[in-house]
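This is what each chain is made of:
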Amino acid sequence: MIITGIVAVALLTISVAVGKYYLAGNKRAQIPTVETSGVSKKQVETAVNTSGTVRSEHSAKITTALTSNVKEIYVKPGDKVKKGDPLCDFDDSMIKTELEAARKNLKTAQALNENQNGVNRRSLENAKEEQDRQLNKADSDIRDAQDAQNNARVRADQLKDQLEEQKKALEAEKNAQAGITDETQKAESDARIAAIEGKIQSLQADIESANNEANAAKKQIKDLEASKESIMASAKQQVQAAQDAINTAKLEKNTDAQETEVKKLEANLKNATILAPFDGTVTSISAEEGSPVTGNTVMVIEDTETIHITARIKEFDILKIKEGMKAKIILDALGSDELVGKVSKIYMTPIKNGDGGNNSGQGSAAEYEIEITLDQKNSNVLIGMNAKVKIILEEGQGGYTVPYSAVTEGEDGNSYLYAAVPSEGDLYQVRKIPVTKGLENDYYVEVHSDQLTEDMQIVNSPETVSEGMKVQIQPVDTLAGIPQEAGSGGQTEAAASDDTAGASNMGIQADGAAAGKE
């Protein structure tokens, strides 16, 4: 009986232990597992990614229109030259012969032209002299007629004064006669009255004649003035015709063709020796000594000291880019070393294709070219190298960086994170942390809070948890699945890069979408 009791107690103890084990297991199975991301000190930035090529700031394709043979070439590819250094000479013997003949032809044409100019000048002088003579005569005739008019008016006024005197004398004589009774005296008075009346009639006739002379002179003045206008118009036409002949001769310059030929040959003689247009390096030579140049390219010179990077940007990104924006560059030939520069020029017309049209067909985006200048010279950067280019549109102020999806907005309108802080064993407890958001993009958001630490794990999907909740965590790499960098043409990038390792994140971007939340 004692043995039986002991066995029963043992079985009961085992049953209780097994029950507690299974109960604990079921309770753990009910605790959810959430994905989390670590808090990191990274800089959030939005950018446009594209590819580019290192180009020379000054590049010259040396061309020529000469058809004569190349006499001597003084340089070879790779040679450095200074501005004004001779590069090559062409055979100029034929040019000199043609130039001597052209100068003789020009001299003959100039002599003929000068002779015709002399004739035209004399014609102009004669026309001006004839104009002056005719105008002087017209003015003299008008002055004579004006003098005659004035004289007639003066004489008429004088005669009118005399007429008034005679009229007064007549009236006085008639008044005196009225008191005369003696016939003899009366007869004498009648004789005086008759004489006075005779003078009055004579004066009236003279006044009329003077007025007629004045009116005739007035009409003559009017006619002469009209004649003068006609003379002036005719003389002016003759002078203008002579001046036109001179002007036409200047414009036509019968020596134009000869002068053009001389200038062309003088330019050819000067260009028979080709000089370096600037300091640079000879990168290719197309000409050969003893033969004319095939096509018209002699050689190419590029300034290898002053370079920039050209890149193409798609039309949906070009308006986001401004001159002076920071650019990060990685050259394929230099590995992961990152160079820094600035956007120095933006061409706001689309790149043309070989047919002269836009480089975009129907349904495809137009592309625009930009230039980037490096902040510091680098002797390892060579013309023609290919580059990955990231144009920084905006940079955060620095702070903690978390996945964009980890930030939620509370009912009070503030932003919050849910952190998984260590609890008992391998369990974590959810803690709600208020944060202030900074710069954000499609993948990351910059947050600020004095409650955050770099060792915290942040719940990626805050809508699945609540404060105080017990969880298990599954840390994930938040960079996984972010599209990697595409080829040329430009795409907007949304990245969170370490302050000290920005080059490693050159490929993080949102494929073809504008960075940041609009």
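Preceding this section is the structure that the text describes.
As the structure is a prediction and not an experimental result, all values here were calculated from the model.

Some details on the overall build of the chain
(1) Moving on: Assigned secondary structure in the chain consists of 5 helices and 23 strands.
(2) Moving on: Expressed as a percentage of its 518 residues, the buried residues of the chain come to 36%.
(3) Moving on: A separation threshold of at least 6 residues defines the contact pool for the chain, and within that pool the share at least 24 residues apart is 76%.
(4) Moving on: Carbon and sulfur atoms form 49% of the exposed surface of the chain, whose accessible area is close to 30500 Å².

Here we look at a negative patch on the surface
(1) Moving on: Taken together, the side chains of D157, D161, E164 and E165 define an acidic patch exposed on the protein surface.
(2) Moving on: Along the chain, E164 falls in helix α2 (residues 93–177).

What about the sheet that holds strand β7 (residues 86–90)?
(1) Moving on: The 3 strands lie next to each other as β5-β7-β8, forming an open sheet whose pairing is antiparallel. Two strands bound the open sheet, and with one partner strand each, they are β5 (70–73) and β8 (273–275). Across the sheet, the mean angle separating the axes of adjacent strands is 20° when strand polarity is ignored.
(2) Moving on: As paired strands, β7 and β8 are joined by 3 bridges and run antiparallel to one another. By the bridge assignment for β8, C88 is matched with I274.

Regarding the sheet that holds strand β6 (residues 80–81)
(1) Moving on: The strand order β4-β10-β9-β6 describes an open sheet built from 4 strands, whose pairing is antiparallel. Two strands in the sheet have a free side with no partner beyond their single neighbour: β4 (59–63) and β6.
(2) Moving on: As paired strands, β4 and strand β10 (residues 297–302) are joined by 5 bridges and run antiparallel to one another. Bridging across to β10, T63 finds its partner in T297.

A short note on the pairing of strand β20 (residues 444–448)
(1) Moving on: Within β20, 4 of the 5 residues are buried, which leaves the element mostly enclosed by the surrounding structure.
(2) Moving on: Relative to β20, strand β16 (residues 400–403) runs antiparallel, the two sharing 4 bridges. Following the sheet pairing, Y400 is matched in β20 by V447.
(3) Moving on: Of the strand pairs in this sheet, strand β19 (residues 428–440) and β20 are connected by 3 bridges, and their pairing is antiparallel. Across the sheet, residue E440 finds its bridge partner in β20, namely V445.
(4) Moving on: Counting the residues that bridge the hairpin from β19 to β20 gives 3 residues.

Observations concerning the pairing of β10
(1) Moving on: In terms of burial, β10 is a largely internal element, 6 of the 6 residues being buried.
(2) Moving on: As judged from the 4 bridges shared by strand β9 (residues 280–285) and β10, these two strands associate in the antiparallel manner. Within the sheet, the bridge partner assigned to S284 lies in β10 and is V300.

Section: the environment of P77
(1) Moving on: Tracing the backbone through its elements, the reader meets P77 in the loop between β5 and β6.
(2) Moving on: Each C-alpha atom of the pair P77 and I285 lies 6.6 Å from the other, and the pair is 208 residues apart in sequence.
(3) Moving on: Apart from the residues within four sequence positions on either side, P77 is in contact with V282, T283 and I285.

Some remarks on the layout of surface pockets
(1) Moving on: For the largest pocket, the calculated volume is near 300 Å³.
(2) Moving on: Surrounding the largest pocket, 14 residues form its lining, T304, E305, T306, I307 and K377 being those nearest its centre.
(3) Moving on: The residue makeup of the lining of the largest pocket, split by class, is 5 nonpolar, 6 polar and 3 charged.

Here's the deal with the side chain of H308
(1) Moving on: Mapped onto the elements, H308 comes out in strand β11 (residues 307–314).
(2) Moving on: Among the polar contacts listed, one links the side chain of H308 to the side chain of E57, at a separation of 2.8 Å.
(3) Moving on: Beyond its immediate sequence surroundings of up to four residues, H308 is in contact with T53, V54, R55, S56, E57, E371, I372 and T373.

Regarding the side chain of K328
(1) Moving on: Tracing the sequence through the fold places K328 in strand β12 (residues 326–331).
(2) Moving on: Judged by relative accessible area, K328 falls into the buried class, the value being 5%.
(3) Moving on: In this structure the side chain of K328 is engaged in a polar contact, spanning 3.4 Å, whose partner is the side chain of E45.

Quick word on the nonpolar core
(1) Moving on: The biggest cluster of nonpolar side chains holds 25 residues, and the ones touching the most others in it are I309, I321, I329, L331, I370, I372 and I391.
(2) Moving on: Breaking this core down by element, the ones donating at least two residues are β3 (43–56), β11, β12, β13 (338–346), β14 (367–374) and β15 (386–395).
(3) Moving on: Those residues in contact with L331, other than ones at most four positions away along the chain, are V54, L339, V381, M385, N386 and A387.
(4) Moving on: With 21 residues, the next largest nonpolar core counts A60, V70, V81 and C88 among its residues.

Quick word on the pattern of salt bridges
(1) Moving on: For the coordinates displayed, the defined rule picks out 22 salt bridges.
(2) Moving on: E367 is the partner of K314 in a salt bridge, and the nearest nitrogen-oxygen pair spans 3.4 Å. With a gap of 53 residues between them, K314 in strand β11 and E367 in strand β14 connect regions that are remote in the sequence.
(3) Moving on: One salt bridge connects K437 with E440, and the closest N-O pair in it is separated by 3.4 Å.
(4) Moving on: Overall, E440 belongs to the buried group, its relative accessible area being 18%.
(5) Moving on: Sharing partners across several salt bridges, the network here consists of E45, K328 and K390.

Cut-off values and rules
Residues numbered from 1 in each chain as written. Predicted model: local features only at pLDDT ≥ 70, side-chain atom pairs only at ≥ 80, totals over all residues. Heavy atoms only, no water. Helix = DSSP H or I, 4+ residues; strand = E, 2+ residues; numbered from the N terminus. Buried < 20%, exposed > 50% of the residue type's maximum accessible area, 1.4 Å probe, protein only. Contact = heavy atoms within 4.5 Å. Areas by Shrake-Rupley, 256 points an atom, 1.4 Å probe, with all protein chains shown as cover. Patch = residues over 30% accessible without salt bridge, like charges linked within 9 Å, V, L, I, M, F, W, Y side chains within 5 Å. Salt bridge = Lys/Arg side-chain N within 4 Å of Asp/Glu carboxyl O. Lys, Arg positive; Asp, Glu negative; His and termini not counted. Charge placed at Lys NZ, Arg CZ, Asp CG, Glu CD. Pairing = 2+ DSSP bridges. Axes fitted to C-alpha atoms, helices over the stretch in contact; angles between N-to-C directions. 1 Å grid on protein atoms, 1.4 Å probe; cavity = no way out; pocket = protein on both sides within 12 Å on 5 of 7 lines; lining within 4 Å. Points joined across faces, edges and corners; volume = space filled by probe spheres on them. Nonpolar A, V, L, I, M, F, W, Y, C, P; charged D, E, K, R; others polar. Polar contact = N/O pair within 3.5 Å; in protein donor to acceptor, adjacent residues only side chain to side chain. Core = buried A, V, L, I, M, F, W, Y, C linked by side-chain atoms within 4.5 Å.

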